[in-house]
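# Architecture and fold: a report
Residue strings, one per chain:
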Amino acid sequence: MEGKGNLEAQIDQLLNTEKQMRLSGDVAGTKKAVTEILQLCFEAKDWKTLNEQIVNLSKKRGQLKQAVTAMVQQAMQYIDQTPDLDTRIELIKTLNSVSAGKIYVEIERARLIKKLAKIKEEQGLIAEAADLMQEVAVETFGAMAKTEKIAFILEQVRLCLDRQDYVRAQILSRKISPRVFDADPSKEKKKPKEGDNVVEEAPADIPSLLELKRIYYELMIRYYSHNNDYLEICRCYKAIYEIPYIKEDPAQWMPVLRKICWYLVLAPHDPMQSSLLNSTLEDKNLSEIPNFRLLLKQLVTMEVIQWTSLWNTYKDEFENETNMLGGSLGAKAAEDLRQRIIEHNILVVSKYYSRITLKRLAELLCLSIQRSTFQTWLFPRHW
């Protein structure tokens, strides 16, 4: 009780000082007074009083923006030192309510919401975490570092994918232009002109731009996988493959290149697929995995591919992808692979035959007559 009374007496004394400084417009004095009040509460481990003082000080008449900013930043340092989860959540919510609607602490509010969303996710409340993150539109924050903005939006996309909200995930992902990852950070550091917003440094836990590029494309692979858009998945792996630190390490680029090959084979034949197929065949690294070079070579050669022979050759490689980067190729991948081989064979047959009997076509496609009829109906553009 004596300690509590002593704390209240010290706070009252500092509150009087804070009032004098605030009314006289002394920014440095007001900041010092409010931060000392919070420090007293923290040292006394009186978390309830700390929350009350944060709210009380923020509501003072004519409270200075600089004082509120200093107070929020000071209190944020205490979050990781709270004794239990309930106290941590209460402090975050208090700071969140104080910073709501104040543009000068919008970055701090975004970081607070990210912390709260992480706690909700750890509790298994994915939907709540996703809803919390979507409250903040960081793309409008002029003072936030570019890498921090990208990392925040990627976290929003990831949570939407975790809750299987693919429509919102796509909308959020479009806020990031892929060209932003190709920018040279050293050339972008210009001296701010007078009147420009001063961009804050990104926190130490924010990944580099190249690492964010990898995370972005991994999330886009998850998005395109839900509707088996094989060509887009392939393009995403191609972008990951081009990242310098991945291309320099065989242990990293080899599983990525394998995935590129598989998704090229799985993608329906069109000009984009054909262009990617030919450019991949020219890659010197493909000689390190000759089986996959042979697989792609078969697709560009205008000869009929025997499905049974191909599947026996590549079945183990196909199933082994489950244990490699990116996991399995998808539930429908084996069925779609056979469809692609049939499509390739129909393309070959249409090149060499102007007229053919269904019986002969069925022999070439290794299918029954009924199935052959259905396949020619599926791919009429080749005839």
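Residues numbered from 1 in each chain as written. Predicted model: local features only at pLDDT ≥ 70, side-chain atom pairs only at ≥ 80, totals over all residues. Heavy atoms only, no water.

The name that an unreviewed UniProt entry assigns to the protein chain is 26S proteasome non-ATPase regulatory subunit 12, with the source organism given as Citrus sinensis.

### Topic: helix 14 (residues 250-266)
For helix 14, with 17 residues, the first-to-last C-alpha span of 24 Å sits near the 24 Å given by 1.5 Å per residue. Of all the 17 residues making up helix 14, 13 are buried; the element is thus mostly covered by neighbouring parts of the structure. (Helix = DSSP H or I, 4+ residues; strand = E, 2+ residues; numbered from the N terminus. Expected span 1.5 Å × (residues − 1). Buried < 20%, exposed > 50% of the residue type's maximum accessible area, 1.4 Å probe, protein only.)

### Concerning the side chain of Gln 273
Mapped onto the secondary structure, Gln 273 falls in helix 15 (residues 271-281). Ignoring sequence-local partners within four residues, the contact set of Gln 273 consists of Leu 231, Leu 264, Ala 267 and Pro 268. (Contact = heavy atoms within 4.5 Å.)

### Quick look at the packing of aromatic side chains
Considering all chains together, one arrives at 13 aromatic pairs under this definition. Ring geometry for Trp 262 against Phe 292: centres 5.5 Å apart, planes inclined by 90°, an arrangement best described as edge-to-face. Within this pair, whereas Trp 262 is found in helix 14, its partner Phe 292 is found in helix 16 (residues 290-300), the two being separated by 30 residues in sequence. Summarising the burial analysis for this pair, Trp 262 and Phe 292 share the class buried. Three or more aromatic residues joined by ring pairs form one cluster here, namely Trp 262, Phe 292, Trp 307, Trp 311, Tyr 314 and Phe 318. (Phe/Tyr/Trp six-rings, centres within 6.5 Å; stacked < 30°, edge-to-face > 60°.)

### Some details on the packing of helix 11 (residues 209-225) against helix 12 (residues 230-241)
At their nearest, the axes of helix 11 and helix 12 sit 9 Å apart, and the two run at 165° to each other. In terms of orientation, helix 11 and helix 12 fall into the roughly antiparallel class. For the pair helix 11 and helix 12, the sense of crossing is left-handed. Taken together, the residues of helix 12 that come into contact with helix 11 (itself represented by Lys 213, Arg 214, Tyr 217, Glu 218, Met 220, Ile 221, Tyr 224 and Ser 225) are Glu 232, Ile 233, Cys 236, Tyr 237, Ala 239 and Ile 240. Split into classes, the residues belonging to the contact of helix 11 with helix 12 amount to 9 nonpolar, 1 polar and 4 charged. (Axes fitted to C-alpha atoms, helices over the stretch in contact; angles between N-to-C directions. Parallel < 35°, antiparallel > 145°, perpendicular 65-115°, else oblique. Left-handed = near helix turned anticlockwise from the far one by under 90°. Nonpolar A, V, L, I, M, F, W, Y, C, P; charged D, E, K, R; others polar.)

### Describing the pattern of salt bridges
Counted under the stated rule, the structure contains 22 salt bridges. Arg 258 serves as the salt-bridge partner of Glu 321, at 2.9 Å between the closest nitrogen and oxygen. Taken together, the positions of Glu 321 in the loop between helix 17 (307-320) and helix 18 (333-352) and Arg 258 in helix 14 put the pair 63 residues apart, joining distant regions of the chain. The class for Glu 321 is buried, based on a relative accessible area of 0%. Arg 258 sits in the buried class, given a relative accessible area of 8%. (Salt bridge = Lys/Arg side-chain N within 4 Å of Asp/Glu carboxyl O.)

### Describing helix 19 (residues 358-365)
Within helix 19, the full set of buried residues consists of Leu 361, Ala 362, Leu 364 and Leu 365. Projection of helix 19 onto a plane perpendicular to its axis shows the buried side chains occupying an angular sector of 165°, all on one side. A positive backbone phi angle near 60° is found at Cys 366, which sits one or two residues after helix 19. (Arc of directions from axis to C-beta.)

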